[in-house]
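# Examining the three-dimensional arrangement
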Amino acid sequence: MHHMSSVAQTVSGIIILLLIAAAVMAVTRRLHIPFTIMLVVVGMTLHYLENYLPILEPLSGLQISADLIFFVFLPTLIFESAYNMDGRLLRHNLIPVMMLAVPGFLVSTALIGISVAALTQTAILGALLLGAILSATDPVAVIALFKEIGAPKRLTILVEGESLFNDATAMVVAGIILEIIHVGSFTTTEAVSGMANFFILFFGGFASGWIMGMLAALILGKVGSVASIEITLTTVLAYASFIFAENVLGVSGVMATLAAGLTLGNWGRTKISPAVRKYLDHFWEYLSFIANALIFLMVGLRLDLGGMFSIWKLLAVVVLAMLGARAAMIYGLMPVLGRIHNQMPVARSYQTVMFWGGLRGAIAVAIALSLPVFENSEIISAAVMGAVLFTLFVQGFTIRPLMQKLELDRPPLADQLARLELALGANLHARNRMSEISRGGLFSGSIATRLQSDVMIKMDSLHNELDELRARELDPRQERHLLFMRVFADEKACYAELFKHGQLSESAYRELTLRTDMLLDHARYDPSFIPDRTRKSFFRILQEKANNILDKAPLLAPLAERLREARVARNQEEAWGEYQAGGQVLMKLEQFAKVKAFSPELIGEFTIIYRNWRQHSRSKLDHVAEQYPEFFNAMQERLGRQIILQAEAEEIEEQERQGALPKGITEQMLTEIEHDMHAVENIEPAGLHIEPGELLRAVPFFSGMPPEAFARIAAQMRLRTLSEGEVIIEQGQLGKSLFLIARGVVRVSRHFDGANTDLATLVAGDFFGEIALLSPEPRSATVKAITPCSVYALDRENVHQAMEEFPQMAAALNEALRSRKAEQEKISRAGSIPGQEG
């Protein structure tokens, strides 16, 4: 073969490996064989053929190294897994995942190290290093199998989550042990220092990755829908987070990339343009394919089977110790965890799969290749390679039969029902389409009738299968919960579609999705689930508390008011989204009724629930329209403009697909529409501000005050914009403000003898809390907004300052308030409860 430069030879070698990987992928998909395991087999075969086949000569120059795995392949694999991980499901299973990834990892390391040191001639530190390397799992083949057979999502998150976090633990612990080996001594001080160093590296890496992920998400939200820029930024994030953490901060690069991927894939996903998300998913899936393909092929190419056979006795001990430690960790920690933490226990069948599916792979190989020269370092590297090979071939090839035996190869009940429902819906659509074609007169009636009959036979078979499944595995309560999960998933899909088309802002979309996720979680984990639409998300509660804190700082009160106004606007968006989602779910329930996917009684119950919920959303919109007509109209106009611009963009994209317009022209037109869309989104709706002077004149004890005092007081009134259900004042709290209602309706209630009693309903022009202007007495009742409201607050300090300057105002105010208080006391003595808060 003609002599090639080193660069050309490397490129040629990579091209050959990618071609081989593609061929292996095609074969393994057809034969249902683990892809990564077959790559190692093919790599080993190529190792023996490269000396005989000239076309394979470029492979001889390819060397797998620790730096290649750490800085080229590992960021891709970690980021791709973290980006696609369900953060909500991980959060629910975080304690078992972290128990396995940190305490469990340390237990496994100790058990392997002690066992190997006791049964062989290996020094204890070298044995512990071996234990740390082999306690890191890399179940790529197992996760691929889970996706293929539709394994339970909780099992997948436990296995994949443990793998991601213990990769970081392995690198940190192995580094600490290597440092001790280098120093040559181990004292209590060094042990404490090592533990502190572990936490700094582990959590410091996570913190740095989280910050970089947040920054990247914020930047992505500003760049617009440009696929090249957004994909480039995610690639930079994956590698920059790893390199910055490792080389600049000196913390765990794996944890940094993991945190960056989780942040961008969950919180930051809404910052990525909807049109780019699918491209981004395919891009990272392909990068992950390349990384796995090259790693496992090159491992197979460079495996030294002779060296492994020479230490077969040590290797046997290492494998047995590794399996024993894994079993002790899984079967020992999981039951304990179920008793000490209030959550659904991990089933024994899951534990068995987690034990046997804990394969070793890229991280173990990378750490082994990076070991410095010390006593028995070569033997440890060979033992690691042998153990990795054992897990790939023995455990990797037997995990499928094990899952079949444990009956974990079947999709969960919800997925089985969804499959049948979708199949019934598809066949119903096919039957209707055939009827349309036959009515055209150009298709044979006899053939159409026969094909329709075939479809009906298939639908009858699916109905029988559905009835058998319902009778065999479903009781009415399970069916009810499964239907809740289906309709909640449809709600989320509707919100995503509205957000994609610009009809929901990011903040409204995020709040609606969080609320639906809360309902989904309750439906999944709580057997006594009853849907509660009034529950607020954690972030909404946090926002309200922050607003209350800002209110107490005079300089920050305007900021609090702007945040409240934004929330009122967002509440209307959310009500609009809920109304649309309710309609979508009602249509889906009609479809379920047609294909008999669920019992008629259950569909009828859910239809009533969603009609009521949709009507409630409509009422919220009507309240806003009634109380704030200018604001409502402004919001409607903004939404209408967004819908028009989105429709224009869709039509331009369709014309480009049909070839009616050149790509350059469509890109320019779409850029202009995107610019217009951003301009529309940034329009601040008007109509929430009301002149306070006219309200103040309606208060009897202010009507006769001097004009100067009146102007002074009016200027010091603070506007507060309130959402439906927000508490304005609470019974028992010390009062300091009078409130005047500009728009909206509030309800006054009192807690008395263990019960809440409604006292009065106040509307625009009314006022409450006036006694607080005289003295800081406890509030005698609670006042809550029952529609969106705008109220003006007047503080006691401001009134007292005006009273000092205008004594006649003080006399009038004291007299009016004394009369008001005497009136309330008279009513109380008569046995009635006052009708208004003082």
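The coordinates are above.
Per chain, the residues get numbers from 1 upward, laid out in the order the sequence is written. Selection of residues for local features in this predicted model requires a pLDDT of at least 70, selection of side-chain atom pairs for listing and counting requires 80 or more, and totals for whole chains, interfaces and linings are taken over all residues. Excluding hydrogens and water, the side-chain figures rest on all heavy atoms present in the structure.

### A few points about the overall build of the protein
- Working definition: helices are DSSP H or I runs of at least four residues, strands are E runs of at least two. Numbering for both runs from the N terminus. Regarding its fold elements, the protein presents 32 helices and eight strands.
- Sorting the 838 residues of the protein into buried and exposed places 50% on the buried side.
- By definition, residues are in contact when any of their heavy atoms lie within 4.5 Å. Taking contacts inside the protein between residues at least 6 apart in sequence as the whole, the part at least 24 apart equals 80%.
- Per-residue and other accessible areas follow the Shrake-Rupley method at a 1.4 Å probe size, with only the shown protein chains counted as cover for residues. Surface exposure of the protein reaches about 39,800 Å², of which carbon and sulfur atoms provide 60%. Residue burial is assigned from relative accessible area. The probe radius is 1.4 Å, only protein chains are included, and a residue is buried under 20% of its type maximum, exposed over 50%, and partly exposed in between.

### Considering the packing of aromatic side chains
- Only the six-membered ring of Trp is used, alongside the rings of Phe and Tyr, when aromatic pairs are assigned; centres must lie within 6.5 Å, and planes under 30 degrees apart are stacked while those over 60 apart are edge-to-face, with the rest tilted. All chains considered together, the criterion is met by 19 aromatic pairs.
- With centroids separated by 5.9 Å and ring planes inclined at 5 degrees, the aromatic side chains of Phe-199 and Phe-203 adopt a geometry described as stacked. Here the residue Phe-199 and the residue Phe-203 both occupy positions in helix H10 (residues 188-223), the gap between them amounting to four residues, near one helical turn.
- For Phe-199, a relative accessible area of 40% corresponds to the partly exposed category.
- Residue classification places Phe-203 among the partly exposed residues on the basis of a relative accessible area of 46%.
- Residues Phe-202 and Phe-203 carry aromatic rings whose centres are separated by 5.1 Å and whose planes lie at 75 degrees to one another, so their mutual orientation is edge-to-face.
- For Arg-269, the ring lying beneath its charged end belongs to Tyr-83, and the centroid distance is 4.4 Å.
- Against the face of Tyr-579 rests Arg-614, its NZ or CZ located 3.9 Å from the ring centre. Counting as a charge over the ring demands two things of the Lys NZ or Arg CZ atom: a distance within 6 Å of the ring centre and an angle within 35 degrees of the ring normal.

### Section: the pairing of strand E8 (residues 789-795)
- Summarising burial for E8: seven of the seven residues are buried, a large majority.
- The alternating pattern of E8 places Cys-789, Val-791, Ala-793 and Asp-795 and Ser-790, Tyr-792 and Leu-794 on opposite faces, both of which are buried.
- DSSP-based pairing: two strands are paired if at least 2 bridges between them are found. Here strand E1 (residues 718-722) runs beside E8; their pairing, made up of five bridges, is antiparallel. When the sheet's bridge partners are listed, Arg-718 is paired in E8 with Ala-793.

### Examining the nonpolar core
- Residues enter a nonpolar core if they are buried and are Ala, Val, Leu, Ile, Met, Phe, Trp, Tyr or Cys, with the set joined through side-chain atoms within 4.5 Å. With 130 residues, the main nonpolar core has Leu-17, Phe-146, Leu-155, Phe-165, Val-384 and Met-403 as its most contacted residues.
- Among the elements that line this core, the one with the most residues is helix H9 (residues 153-183), at 16 residues.
- Formed by 40 residues, the second largest nonpolar core is a distinct cluster that contains Leu-428, Val-455, Leu-483 and Tyr-509.

### Structural notes on the pairing of strand E7 (residues 782-785)
- Two elements, strand E2 (residues 727-729) and E7, share two bridges in a ladder whose sense is antiparallel. Counted as the bridge partner of Val-727 is Lys-784 from E7.
- As judged from the four bridges shared by strand E4 (residues 746-752) and E7, these two strands associate in the antiparallel manner. Residue pairing for E7: Val-746 is matched across the bridge by Ala-785.

### A word on the pattern of salt bridges
- Every case where a carboxyl oxygen of Asp or Glu lies within 4 Å of a side-chain nitrogen of Lys or Arg is listed as a salt bridge. Per the stated rule, a full pass over the model turns up 15 salt bridges.
- When the shortest N-O distance is used, the salt bridge between Asp-281 and Arg-269 registers 3.8 Å. Of this pair, Asp-281 sits in helix H13 (residues 274-302) while Arg-269 sits in the loop between helix H12 (253-265) and H13, placing them 12 residues apart in sequence.
- Judged by relative accessible area, which is 22%, Arg-269 ranks as partly exposed.

### A look at the sheet that holds strand E3 (residues 737-743)
- Read from one edge to the other, the open sheet built from four strands follows the order E1-E8-E3-E6, with strand pairing classed as antiparallel. Unpaired on one side and paired on the other, E1 and strand E6 (767-768) mark the two borders of the sheet.
- Sheet topology places E3 next to E8; six bridges connect them, and they run antiparallel. When the bridges of E8 are listed, Ile-741 appears paired with Val-791.

### Observations regarding unusual backbone geometry
- Although it is not a glycine, His-32 sits at a positive phi angle of roughly 55 degrees.
- Looking at the secondary structure, you find His-32 in the loop between helix H1 (6-31) and helix H2 (35-49).
- Classification of His-32 by relative accessible area gives partly exposed; the value is 47%.
- Positive phi, normally seen in glycine, also occurs at Glu-407, with a value near 60 degrees.
- Here Glu-407 shows up in the loop between helix H18 (377-405) and helix H19 (413-439).
- Glu-407 gets classed as exposed once you look at its relative accessible area, which sits at 55%.

### Section: helix H17 (residues 362-369)
- Counting buried residues along H17, seven of its eight residues qualify, which places the element largely inside the surrounding structure.
- Those residues of H17 that fall on the buried side of the exposure criterion are Ala-362, Ile-363, Ala-364, Val-365, Ala-366, Ile-367 and Ala-368.
- Of the surrounding secondary structure, the elements contacted by the buried residues of H17 are helix H3 (66-83), helix H7 (124-134), H9, H13 and H18.

### Structural notes on a nonpolar patch on the surface
- Like-charged residues are merged into a patch within 9 Å and nonpolar side chains (Val, Leu, Ile, Met, Phe, Trp, Tyr) within 5 Å, provided each residue has over 30% relative accessible area and no salt bridge. On the surface, Val-7, Val-11, Ile-15 and Leu-19 cluster together into a nonpolar patch covering about 380 Å² of accessible area.
- Positionally, Val-11 belongs in helix H1.

### Structural notes on the environment of Thr-391
- You can see Thr-391 is positioned in helix H18.
- A residue is classified by how much of its surface remains accessible, and Thr-391, at 0% relative accessible area, is buried.
- Setting aside residues no more than four positions away along its own chain, Thr-391 makes contact with Met-322, Leu-359, Arg-360 and Gly-396.

### Thoughts on helix H21 (residues 476-500)
- Expected span of a helix, by definition, is 1.5 Å for each gap between consecutive residues, and there is one gap fewer than residues. Between its first and last C-alpha atoms H21 spans 36 Å; for 25 residues at 1.5 Å apiece the expected length is 36 Å, and the two agree.
- Once H21 ends, the next one or two residues include Gly-502, with phi positive near 75 degrees.

### A closer look at the sheet that holds E2
- Taken in spatial order, the four strands make up an open sheet running E2-E7-E4-E5, and their pairing is antiparallel. In the strand order of this sheet, the two ends are held by E2 and strand E5 (755-762), each with one partner. Averaged over neighbouring strand pairs, the angle between their axes works out to 30 degrees when direction is ignored.
- Two strands pair when backbone bridges link them, and E4 and E5 are joined in this way by seven bridges, in the antiparallel orientation. Along E5, the bridge assignment pairs Val-748 with Ala-760. For helices, the fitted line uses only the C-alpha atoms of the stretch in contact; every axis is such a line through C-alpha atoms, and the angle between N-to-C directions lies from 0 to 180 degrees.

### A few points about the environment of Val-319
- Mapped onto the fold, Val-319 is located in helix H15 (residues 312-340).
- Judged by relative accessible area, which is 10%, Val-319 ranks as buried.
- Sequence separation between Val-319 and Ala-383 is 64 residues, and the spatial gap between their C-alpha atoms is 8.9 Å.

### Some thoughts on the environment of Asn-682
- With respect to the element layout, Asn-682 can be found in the loop between helix H27 (663-681) and helix H28 (692-697).
- The exposure class of Asn-682 is exposed, given its relative accessible area of 60%.
- Residues Asn-682 and Arg-638 lie 44 residues apart in sequence; the distance between their C-alpha atoms is 9.6 Å.

### Considering the packing of H17 against H18
- The interhelical angle for the contact between H17 and H18, taken along N-to-C directions, is 165 degrees, at an axis separation of 9 Å. In terms of orientation, H17 lies roughly antiparallel with respect to H18. Seen from above, H17 lies across H18 with left-handed handedness. For the pair H17 and H18, the contacting residues are Ala-364, Val-365, Ala-368 and Leu-369 in the first and Ser-381, Val-384, Met-385 and Val-388 in the second.
- Of the residues assigned to the contact of H17 with H18, the class counts are seven nonpolar, one polar and no charged. The labels follow the angle: roughly parallel below 35 degrees, roughly antiparallel above 145, roughly perpendicular from 65 to 115, and oblique for the rest. Two helices that cross are described as forming a left-handed crossing if the nearer one is turned anticlockwise from the farther one by less than a right angle, and a right-handed crossing if clockwise. Gly is put with the polar residues, along with every residue not named as nonpolar or charged; the nonpolar set is Ala, Val, Leu, Ile, Met, Phe, Trp, Tyr, Cys and Pro, and the charged set is Asp, Glu, Lys and Arg.

### Side note on the side chain of His-463
- By the element assignment, His-463 lies in helix H20 (residues 445-473).
- The class for His-463 is buried, based on a relative accessible area of 16%.
- For His-463, the contacting residues outside a window of four places in its chain are Leu-424, Val-595 and Lys-596.

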